[in-house]
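Spelled out from the first residue to the last, the chains are:
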Amino acid sequence: MKTKKEWINNRLDQVLSVYLNESRSFVTNHIKNGNILVNDSKVKPGYLLKKDDDIFIGDLKIDTSINPENIHLAIYYEDEYLMVVNKPSGMVVHPAPGNYHGTLVNALMYHTKSLSDINGEMRPGIVHRIDKDTSGLLLISKTNEVHRILAEDFKNKRVKRKYLALVHGIIDANNGKIDAPIGRSELDRKKMSVTDKNSKKAITNFTVKERFKNYTLVELILETGRTHQIRVHMAYINHPVVNDPVYSKIKPINNYGQMLHAYYIGFTHPITKEFLEFECPLEKEFINIMDSLKNS
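Residues numbered from 1 in each chain as written. Predicted model: local features only at pLDDT ≥ 70, side-chain atom pairs only at ≥ 80, totals over all residues. Heavy atoms only, no water.

### What to know about the packing of aromatic side chains
Part 1 of the argument: On inspection of all chains with the given rule, the structure shows five aromatic pairs.
Part 2 of the argument: On the basis of an interplanar angle of 75° and a centroid distance of 6.3 Å, the ring pair of Y256 and F286 is categorised as edge-to-face. Residue Y256 is found in the loop between α5 (229–236) and β13 (260–268), and its partner F286 is found in helix α6 (residues 284–295); the two are separated by 30 residues along the sequence. Taken as a pair, Y256 and F286 share a single burial class, namely buried.
Part 3 of the argument: Members of the aromatic cluster, connected to one another through ring pairs, are Y77, F267 and F278.
Part 4 of the argument: Against the face of Y264 rests K162, its NZ or CZ located 4.9 Å from the ring centre. (Phe/Tyr/Trp six-rings, centres within 6.5 Å; stacked < 30°, edge-to-face > 60°. Helix = DSSP H or I, 4+ residues; strand = E, 2+ residues; numbered from the N terminus. Buried < 20%, exposed > 50% of the residue type's maximum accessible area, 1.4 Å probe, protein only. Lys NZ or Arg CZ within 6 Å of the ring centre and 35° of its normal.)

### Thoughts on the nonpolar core
Part 1 of the argument: The biggest cluster of nonpolar side chains holds 31 residues, and the ones touching the most others in it are L104, L108, I140, L220 and M234.
Part 2 of the argument: Going through the elements one at a time, β4 (82–87), α3 (104–111), β5 (135–141), β6 (160–168), β11 (203–211), β12 (215–222), α5 and β13 are the ones with two or more residues in this core.
Part 3 of the argument: In terms of residue count, α3 provides more of this core than any other element does, four residues in total.
Part 4 of the argument: Excluding its chain neighbours within four sequence positions, the residues that come into contact with L108 are L73, M83, L115, P124, I126 and I140.
Part 5 of the argument: Judged by nonpolar contacts, the second largest core, of 15 residues, contains L166, Y215, M290 and L293. (Core = buried A, V, L, I, M, F, W, Y, C linked by side-chain atoms within 4.5 Å. Contact = heavy atoms within 4.5 Å.)

### Remarks on the pattern of salt bridges
Part 1 of the argument: Here the structure, examined in full by the defined rule, presents 12 salt bridges.
Part 2 of the argument: Among the salt bridges present, the one from D131 reaches R231, with a minimum N-O distance of 2.8 Å. One end of the pair, D131, is in the loop between α3 and β5; the other, R231, is in helix α5, with 100 residues separating them in the sequence. Like D131, the residue R231 is buried in the burial classification.
Part 3 of the argument: Ionic pairing is found between E210 and K294, a salt bridge with its closest N-O pair at 3.8 Å. Of this pair, E210 sits in strand β11 while K294 sits in helix α6, and the two are 84 residues apart along the sequence.
Part 4 of the argument: Looking at E210, the relative accessible area reads 29%, which means it is partly exposed.
Part 5 of the argument: For K294, a relative accessible area of 47% corresponds to the partly exposed category.
Part 6 of the argument: Overlapping salt bridges bring together R129, D131, R231 and D244 as one network. (Salt bridge = Lys/Arg side-chain N within 4 Å of Asp/Glu carboxyl O.)

Put into C-alpha cells, the structure is as follows:
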C-alpha cells in the first residue's frame, strides 16, 4: 500500500502499530524479520516514511475473517427493518486492522442474517458510529433501502441525538454553544483539532446537569457530526472529557473509558413514518464514579 499523507516523516513502526492496532514490539519483530518491507526492501523499524513509499505487509498471522460471535446485545428496539442497540464502553463498532473480533458487528452477525451491506463487508448494518470508549445508542439497518433513508436523515439532521459527559472543571454557565471548526491536527495527524485550515464547521450545544467539586456533568446536542467533535470541543474550552486518552492531558481517575454516553436517539421510522425515541441509562461504572464524587 502507498504511504498516506499523514504518515510522511513518521516512523514505520509507530505508524503500523496504530494502523494495525498491534503492539510496537509485534510490528518491530515483523519489520526485522522481513515480513514488512518498504519499496521491496528491508528497513529499520525507525525508518521515516517518505512520499510515495510502498509498504508491503506480508503474512503477520492476523486473523482478519469477520465471523458471527455470540456476544450479548442490549437491544432497545427491533423489527424487520432496523434495530436500536446500546453499545457498551470498550466495544469497537466494526472490524478494522487489529480489531477483527469482539466488535458490535460480530455480535450483530450472530443475532441476525439481515443487515445492510452498503458500507461494505466490514460494516454490515452500520449507519453511524461512536468511539470505542463511548457508550450508548446506535441505529442499525437491516436493509439497503432503510440504510439509504437513514443515512439521508443523518445528513439532513433529522435524527436527534443527545449525549451526557462528565468533564473536568466547573462550568459556570448553565448552557452554551461551542462554534469552532474542526479538522485534522497539523501537529498529530491521528488527532482532530479546532483549526481554520482544511476544517469543517462544527457546533456543539451544552447544558449543565450537575456540578461536583472539580467536575461537571453536561448534556450535549450536536448541530454537526464531525469526528471526535464532543471530545475536541470540550478540550478546546478547557473542560476535557474525563478519562479521554487522546484529548485530555489530565490523569484518568480510574480504568473506565472516556466518560461520554449517547443516551438519547429520536428518528422517523423510514417505513412506518412513526417517530421513535429511546433513552438508555448511564453505565453502572459511570454512575459509581459520579456517586463517589458526590461523597468526596
